[in-house]
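Coordinate inspection notes
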Amino acid sequence: MSVTKEKKTELINAFKTTEKDNGGSAASQVAVLTERIRNLTEHMKANHKDHHSERGLLMMVNRRKKLLAYIKKRNVTEYEELIKKLGLRK
């Protein structure tokens, strides 16, 4: 259900913005959040009465939304590339 340490490291390495980036950049945070959201969405399909996890899912979606807005405000092309790589929207 949760994102493994290896998967998280793999996502951070795929989406890091600089060589020294260890997961702090907005792009890598969005990538990790997207994976967590996908996993939790599958959990919610099987456990639709799990309201505690539902709240956590909504909080993650909102955090990702804010980070994406921040990226879009700073660099629209980076935003569009990130959306396309992660398969979000459009």
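It should be noted that the structure appears before, not after, this text.
This part takes up the packing of helix α2 (residues 26-46) against helix α4 (residues 76-86). Running from amino to carboxyl end, α2 crosses α4 at an angle of 30 degrees, the nearest separation of the two axes being 11 Å. Overall, the two elements α2 and α4 adopt an arrangement that is roughly parallel. For the crossing formed where α2 meets α4, the hand is right-handed. Residues A27, V30, A31, T34 and R38 of α2 form the contact with α4, whose participating residues are E78, L82 and L86. Looking at the contact of α2 with α4 residue by residue, the class counts come to 5 nonpolar, 1 polar and 2 charged.

Note that S28 resides in helix α2. Setting aside chain neighbours within four positions, we find S28 in contact with I12, F15, D21 and G23.

Analysis parameters
- Residues numbered from 1 in each chain as written.
- Predicted model: local features only at pLDDT ≥ 70, side-chain atom pairs only at ≥ 80, totals over all residues.
- Heavy atoms only, no water.
- Axes fitted to C-alpha atoms, helices over the stretch in contact; angles between N-to-C directions.
- Helix = DSSP H or I, 4+ residues; strand = E, 2+ residues; numbered from the N terminus.
- Parallel < 35°, antiparallel > 145°, perpendicular 65-115°, else oblique.
- Left-handed = near helix turned anticlockwise from the far one by under 90°.
- Contact = heavy atoms within 4.5 Å.
- Nonpolar A, V, L, I, M, F, W, Y, C, P; charged D, E, K, R; others polar.

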